[in-house]
Each structure stands twice: as C-alpha cells, then as structure tokens.
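Commentary on secondary and tertiary structure
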Amino acid sequence: MMHAWRIFVFLTALAVSAAALAPAAFVLRQRPGVFTYASSEGSIWSAQFHGVRLGALQAGEMSWRFSLKDLLQGKLIARMDFSGGEIEGDATLLGNWRGDRRLVAHALTLRGAPVSQTLKLPGATTIGNLDIFFRGGQCVNARGNLFSDVLVRTSAAWRWQGPQLRGAAICAGEAARLDLSGASDSGSVRAGLDLSPDGRGVWRVEVQARKPELAAALGAAGFAQEAGGYRLSKDLRWLPF
C-alpha cells in the first residue's frame with residue numbers, strides 16, 4: 001500500500017509539473033474570427049500574448065494569469081489585462097464545476113467601432129464597474145455603466161453626427177445585455193450586445209433618422225432598412241475558449 005501511495009504521489013507531482021510548464025496556447029487556442037495572436041510566451045499560469053485580435057478588434061498586448069490553487073478548489077479564475085491596442089483595461093473570467101460563470105471588468109475602453117469589414121468608426125466606448133453573473137444557464141445579475149461617443153464622430157464617414165450613447169448592463173432573459181441608447185435632433189440610436197452563458201453573443205444596432213445621405217452610408221455598411229429605420233445584427237463569440 002505504501003509503495004502504491006508513493007507511485008500515486010509521484011505521478012500527481014509529475015502531472016502538476018508538466019502542467020506548470022505547459023505553454024499558454026494549451027488553454028487559449030487560436031480561433032479565427034474569435035481569438036488570434038501573433039506570438040505568446042509564458043505558461044498556462046502566467047503568459048503574455050502579442051498581436052492579439054478579439055473578433056474585429058486589434059487588442060494589442062494581453063497578459064493572462066491563472067491560479068492553480070483556485071483550480072484545485074474547483075474554481076476557474078482567469079485575469080486578463082489589455083494594452084497597446086483597441087482594447088485597454090482589465091477583465092476577469094470566473095467559473096466553477098457547476099457551470100456558473102461571472103465576468104468582471106473595473107474599466108475597459110474599446111477604441112473604434114467595426115461596422116463592417118471595410119468600415120470602422122472612430123471614437124471610444126467605455127465600460128465601467130461591469131459585473132455579470134450567470135447561474136444555471138441564466139443571467140441572474142448584471143450591472144455596469146456604459147458610454148460611447150462613436151456616433152458623435154461619424155460625420156466624416158456617414159455625413160451625419162449622431163448622439164452620445166449611454167447605458168447599463170442588464171439581464172435580458174437568459175442573456176446579459178450591454179444596452180446603449182441616445183437621441184438628438186438628427187435622430188436616435190439604440191445598440192445592444194447580448195452575451196449568452198455558453199459564450200455566444202449577438203450585437204444589434206437600430207438607427208432612426210431621415211436623411212438620404214445616411215441611408216446610402218448605412219446600406220453600404222450592411223444595415224437593412226425596416227419600419228422607417230435601419231437595423232444591423234451580427235453573431236459573435238465573447239468567450240475565447
């Protein structure tokens with residue numbers, strides 16, 4: 001029995017040592033259109049990714065920290081910091097063996113808004129004090145403040161200066177929604193990003209404005225005209241793994 005126990009301890013130690021030396025790419029695999037990077041260094045517990053791209057955003061540098069102690073307690077806690085690209089700030093993903101998920105971000109700034117493969121609007125969207133919690137496949141709590149000046153800076157691209165957008169994170173059925181809206185004399189806009197607990201997401205934008213030049217620009221960007229306005233919807237993934 002003692003001999004068998006020593007073998008078990010040895011194999012366990014060997015597995016932990018192998019995991020400690022495993023490259024970060026072992027956990028964060030590249031997924032074209034979701035998460036890619038030019039190079040990486042470090043282990044699965046502490047790593048640096050260079051030339052990161054998240055969806056349509058060039059995220060620059062991303063550091064990754066992952067705790068073995070938390071993992072042995074049945075918890076997944078991954079801390080990420082972004083710098084040098086179109087995403088600036090920090091975010092933490094948490095999970096457990098029951099399937100609960102939580103996303104926390106003290107401050108995130110997204111620079112620019114990719115509307116289509118050929119059009120990216122200037123400006124910035126900020127997300128503060130974000131805290132989203134999924135339990136049993138449902139959003140049970142969501143809070144956070146959002147602000148965007150992207151549409152204020154669209155005059156060169158769309159010949160139309162839209163309103164500032166403000167909003168909050170809310171639960172909308174099983175999904176968490178990052179909701180933004182605003183209105184001015186020139187029209188109104190509502191934008192929302194729905195995050196599902198399985199990692200899927202849907203981004204929607206609705207524009208209400210009467211201007212021929214804007215109709216042509218929105219049509220070229222992929223918006224569909226309906227009910228006196230314009231609508232765009234895109235599927236995405238917000239979890240890179």
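A brief structural summary. (Residues numbered from 1 in each chain as written. Predicted model: local features only at pLDDT ≥ 70, side-chain atom pairs only at ≥ 80, totals over all residues. Heavy atoms only, no water.)

What follows is about the overall build of the chain. Of the regular secondary structure elements, the chain holds four helices and 15 strands. Here the chain holds 241 residues, and 41% of them are scored as buried. (Helix = DSSP H or I, 4+ residues; strand = E, 2+ residues; numbered from the N terminus. Buried < 20%, exposed > 50% of the residue type's maximum accessible area, 1.4 Å probe, protein only.)

The next thing to look at is the nonpolar core. In summary, soluble globular proteins display a tendency toward joint burial of nonpolar side chains. By size, the foremost hydrophobic cluster in this structure holds 58 residues, and its most contacted members are F49, I132, W158, V207 and F223. Discounting chain neighbours no more than four positions away, the residues touching V207 are W160, S188, V189, L214, L218, F223, G229 and Y230. (Core = buried A, V, L, I, M, F, W, Y, C linked by side-chain atoms within 4.5 Å. Contact = heavy atoms within 4.5 Å.)

Our focus in this paragraph is the pattern of salt bridges. What the rule picks out here adds up to ten salt bridges. A salt bridge links D81 to R65, with the nearest nitrogen and oxygen atoms 2.8 Å apart. With D81 in strand β5 (residues 75-83) and R65 in strand β4 (residues 57-66), this residue pair connects regions lying 16 residues apart in the sequence. Notably, a salt bridge pairs D194 with R177, separated by 2.6 Å at the nearest N-O pair. (Salt bridge = Lys/Arg side-chain N within 4 Å of Asp/Glu carboxyl O.)

The side chains of a regular strand alternate between both faces of the sheet. Strand direction decides the pairing type here: strand β11 (residues 175-184) and strand β12 (residues 187-195), joined by nine bridges, are antiparallel. Along β12, the bridge assignment pairs G182 with V189. (Pairing = 2+ DSSP bridges.)

The subject of this paragraph is the pairing of β4. Within β4, seven of the ten residues are buried, which leaves it mostly tucked inside the rest of the structure. Bridge count for strand β3 (residues 46-54) against β4 is seven bridges, and the pairing is antiparallel. Note on β4: the bridge partner recorded for R53 is Q58. Remark: two residues form the turn of the hairpin made by β3 and β4, two consecutive strands paired antiparallel; G55 in that turn has positive phi of roughly 60°.

As a further point, take the state of the cysteines. Tallying each qualifying case throughout the model produces one disulfide. The partner cysteine of C139 in its disulfide is C171, sulfur to sulfur 2.1 Å. Measuring the twist about the S-S bond at about -65°, one finds the C139-C171 disulfide to be left-handed. Within this pair, whereas C139 is found in strand β9 (residues 138-148), its partner C171 is found in strand β10 (residues 165-172), the two being separated by 32 residues in sequence. (Disulfide = S-S within 2.5 Å.)

With respect to the helices and strands, the residue E174 is situated in the loop between β10 and β11. Separated by 35 residues in the primary sequence, E174 and C139 have C-alpha atoms spaced 5.0 Å apart. Those residues within four positions of E174 in sequence are excluded, and the remaining contacts are F134, G137, Q138, C139, S196, P197 and R200.

What follows concerns the environment of I132. Looking at the element boundaries, I132 is found in strand β8 (residues 120-135). If sequence neighbours within four positions are ignored, I132 has contacts with R101, R102, L103, N141, A142, A176, L178 and L195.

So, about the packing of aromatic side chains. The geometry of an aromatic ring pair is captured by two quantities: the separation of the ring centres and the angle between the planes. Scanning the model with the defined rule gives six aromatic pairs in all. Taking the centre distance of 5.5 Å and the plane angle of 50° together, the rings of F35 and Y37 count as tilted. Chaining the aromatic ring pairs together yields one cluster made of F35, Y37 and F49. (Phe/Tyr/Trp six-rings, centres within 6.5 Å; stacked < 30°, edge-to-face > 60°.)

Next up on the list: the side chain of S63. By the element assignment, S63 lies in strand β4. Here S63 falls in the buried class, since its relative accessible area comes to 16%. The contacts of S63, once residues within four sequence positions are left out, are A47, Q48, R79, M80 and D81.

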